[in-house]
Amino acid sequence: MKIQVQTFAGIVPKVSPRLLAESQAQVAQNTRLESGDLETWLGLSPEQALTRSAARSLYRFKGRYWFEWGENVDAVRAPLPGDVSARVYFTGAGVPRFTDNEQAIVGDGPYPANSYVLGLPVPASGLSVSASGTIINDDPALIETRAYAYTFVSKYGEESAPSPASNFVDWQPGQTVTVTGFAVPTGEFVIDAIRLYRTASSGAGTIYQFVDEIGVTRDSYRDNVDNDRLGEELPTTTWIGPPENMHSLVTLPNGMLAGASGLDICISEQYVPHAWPDEYRHTADDPVVALGVIDNSLIVLTGRAPYVITGASPASMTMTEIGSPDFACVSRRGVASVPGLGVVYPTANGLAGITAGGVANLIGNYMSREQWAAYQPETMQGLAHRGRWFGFYDGGCLVYDPAGGDGALYELDLDVAGGYRDPATDTLYLIVDGQIQAWNEADTPFAAYRWRSKRYELPRPSAFSAARIRAASYTDLTLNLIANDTPVASLPVPGPTVFRLPIVQRSADWAFELTGTDRVYDVAIAETADEI
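How each quantity is defined
- Residues numbered from 1 in each chain as written.
- Predicted model: local features only at pLDDT ≥ 70, side-chain atom pairs only at ≥ 80, totals over all residues.
- Heavy atoms only, no water.
- 1 Å grid on protein atoms, 1.4 Å probe; cavity = no way out; pocket = protein on both sides within 12 Å on 5 of 7 lines; lining within 4 Å.
- Points joined across faces, edges and corners; volume = space filled by probe spheres on them.
- Nonpolar A, V, L, I, M, F, W, Y, C, P; charged D, E, K, R; others polar.
- Helix = DSSP H or I, 4+ residues; strand = E, 2+ residues; numbered from the N terminus.
- Pairing = 2+ DSSP bridges.
- Axes fitted to C-alpha atoms, helices over the stretch in contact; angles between N-to-C directions.
- Buried < 20%, exposed > 50% of the residue type's maximum accessible area, 1.4 Å probe, protein only.
- Contact = heavy atoms within 4.5 Å.
- Phe/Tyr/Trp six-rings, centres within 6.5 Å; stacked < 30°, edge-to-face > 60°.

Enquirer: Please provide a residue-by-residue account of empty space enclosed by the protein, values included.
Expert: It is the rolling of a water-molecule-sized probe over the atoms that shows where space remains empty. A full pass over the atoms with the stated rule returns two cavities of 30 Å³ or more. F98, Y116, V117, G119, L120, S154, Y156, E158, F189 and V190 are the residues that line the largest cavity. Tallied by class, the residues present in the lining of the largest cavity amount to seven nonpolar, two polar and one charged. Put simply, the second largest cavity is a space of about 30 Å³. In terms of lining residues, the second largest cavity is bounded by Q26, R452, R455, I482, N484, D485, D509, W510 and A511. The leading source of residues in the lining of the second largest cavity is strand 43 (residues 507-516), at three residues. Grouping the constituent residues of the lining of the second largest cavity by class yields three nonpolar, two polar and four charged.

Enquirer: Give a description of the sheet that holds strand 14 (residues 176-180) that names residues and reports values.
Expert: The strand order across the open sheet formed by three strands is 10-14-17, and the pairing between neighbours is antiparallel. Every interior strand has two partners, whereas the edge strands, strand 10 (128-132) and strand 17 (220-223), have only one. On average, adjacent strands in this sheet sit at an angle of 20 degrees to one another, irrespective of strand direction. Pairing geometry for strand 10 and strand 14, over five bridges, is antiparallel. Each bridged residue has a counterpart across the sheet, and for S132 the counterpart in strand 14 is T176.

Enquirer: An account of the environment of A438 is needed here, citing residue identities and associated values.
Expert: You can see A438 is positioned in strand 36 (residues 435-438). Residue A438 is classed as buried on the basis of its relative accessible area, which comes to 2%. Taking the C-alpha atoms as reference points, A438 and D326, 112 residues apart in sequence, are found 35 Å from one another. When neighbours within four sequence positions are excluded, A438 is seen to be in contact with G43, L44, S45, E47, T427, L428 and Y429.

Enquirer: Summarise the sheet that holds strand 27 (residues 342-346); cite the residues concerned and give the values.
Expert: Strand order in the open sheet formed by four strands is 26-27-28-29, and the pairing between neighbours is antiparallel. Two strands in the sheet have a free side with no partner beyond their single neighbour: strand 26 (336-338) and strand 29 (358-361). Pairwise comparison of adjacent strand axes, ignoring direction, gives a mean angle of 25 degrees for this sheet. One ladder, built from four bridges, connects strand 28 (residues 351-355) with strand 29; its direction is antiparallel. Note that in strand 29 the partner of A352 across the bridge is N361.

Enquirer: I'd like to hear about the pairing of strand 5 (residues 65-69), residue by residue, with values.
Expert: Among the five residues that make up strand 5, four are buried, leaving the element largely enclosed by the rest of the structure. Relative to strand 5, strand 4 (residues 57-61) runs antiparallel, the two sharing five bridges. Within strand 5, the residue paired with F61 across the bridge is Y65. Counted between consecutive antiparallel strands, the loop separating strand 4 from strand 5 contains three residues, among which K62 sits at a positive phi close to 55 degrees.

Enquirer: Explain the layout of surface pockets to me, and be specific about the residues and the numbers.
Expert: The space that makes up the largest pocket amounts to roughly 1100 Å³. Contributing to the lining of the largest pocket are 38 residues, with D74, A75, V335, A336 and S337 lying nearest its centre. When contributions to the lining of the largest pocket are tallied by element, the ones reaching two or more residues are strand 4, strand 6 (74-77), strand 18 (247-252), strand 22 (288-294), strand 26, strand 30 (381-385) and strand 34 (418-422). A total of five residues in the lining of the largest pocket trace back to one element, the largest contributor, which is strand 22.

Enquirer: Break down unusual backbone geometry for me, with residues and values.
Expert: Here G109 and P110 are connected by a cis peptide whose omega angle stands at 5 degrees. Of note, P110 is situated in the loop between helix 1 (101-104) and strand 9 (116-117). With an omega of 0 degrees, the peptide bond between Y111 and P112 qualifies as cis. Locating P112 in the fold gives a position in the loop between helix 1 and strand 9. Non-glycine residue N30 carries a positive phi angle of around 60 degrees. When you line up the elements, N30 lands in the loop between strand 2 (27-29) and strand 3 (45-49). Positive phi, normally seen in glycine, also occurs at D295, with a value near 50 degrees.

Enquirer: Give me the packing of aromatic side chains: which residues, what numbers.
Expert: Counted according to the given criterion, the structure contains 24 aromatic pairs. Relative to W451, the ring of F8 lies with its centre 4.9 Å away and its plane at 80 degrees, an arrangement referred to as edge-to-face. Of this pair, F8 sits in the loop between strand 1 (2-5) and strand 2 while W451 sits in strand 37 (residues 449-452), and the two are 443 residues apart along the sequence. This pair shows no difference in class: F8 is buried, exactly as W451 is. When the centroid spacing of 5.9 Å and the interplanar angle of 85 degrees are considered together, the rings of Y65 and Y111 count as edge-to-face.

The values reported here are purely geometric and, on their own, carry no functional implication.
Shown next as structure tokens:
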């Protein structure tokens, strides 16, 4: 009678231990299994101590500085080619905000040291205008009825939506229009200039065209600009800021950002991340929990069914409901866009995955709803790493690894307060014991694995006397024998040759367990050495 395991996979708790496949495990703790061998991960490499003791969200800035927040924050790099200011936009720490080179890394931390409110204020009241001067041609056909509006301009060149229209004034040749009533507010933004626009007639009707840019200290302006010297049409009519409670900020292709507020999904103007026009919003039937991105698609996760929004520009985007209420998202922090796997997130029924092909319960064949609930899915933080989803819950971590085949789940002894995946390097940074630490980057193993085989029901009571375990090394490898679900023997593995086992009892119900850090290729356990 011989037991042999040639490949190692993860746990399938939904299946009875006696019905597991040869490669599947009852226990797979601190294992790494994508190669089919049994191995452990490398350990955590400390980066730096937290500067905010209660930090739970991270962002790596310019490859060396750490932004830390105590809230559930989503941060993204500005979708602006050639942005030398290195702007970073974030939601979750109060109103939506952004920071940059000058503001973020002032002093010794914590960072970001300073930030601005995302979006510019809109001028609250209209201007007052009047015409004066000597009329040089009183032909009624030359009378122009004008109105004026103005906008604010930030030091980044961002421009606000316009003020309400001024009163109307009739202008005739020879006159000058005096404009007053400019009012610049103060707050967590920097307004460097004012742009003035006035109405002009065109084939499309009455439009506002650029007149001049003036300093913020001006309280009046005398307009003598001829019509043929007017500039561009006012571009910012709808450029309001995002909702104050917007969350789940993500980057989309073609220079767009997206966020969520209540039932609404908000999308920015292309390459204008401070502008969030109302007409680009979409509305779900249930409050939005989180957002994710697959290629060119925005995935909307709600307390009910998910949606997908597609389109090359904000104005062309359409929203379609996919899935069912079975795929309601239960944790905003649990969502991760996993390269090659899609948007992965926890539901009450299991771990959901959304790809271009639709939505599915990724672990429906591995774990029941009740077994899944024991991992506290509503508390999970999900992070992507090397094509896997790491789900951190209170006191531990569940990993979904599609490379594991029929056993794609295993557990890690990791108590994590938060984390961040660096998209440039696919490095996973975790908050552990008050430090930011890089996962799988140390020179030593993370921890000893524990892998328990299926339960073997033998046709008759048997006693095993010999074993052979092929491994890469034999410095830390122990074999445990289990009869009738009770450990009965434990011994270090001496090397690659067949070795004797103590005959402790006969049983028709056996399993074995391996612990250690050595990489294991295969296992054979038999009643006699000749069988191996």
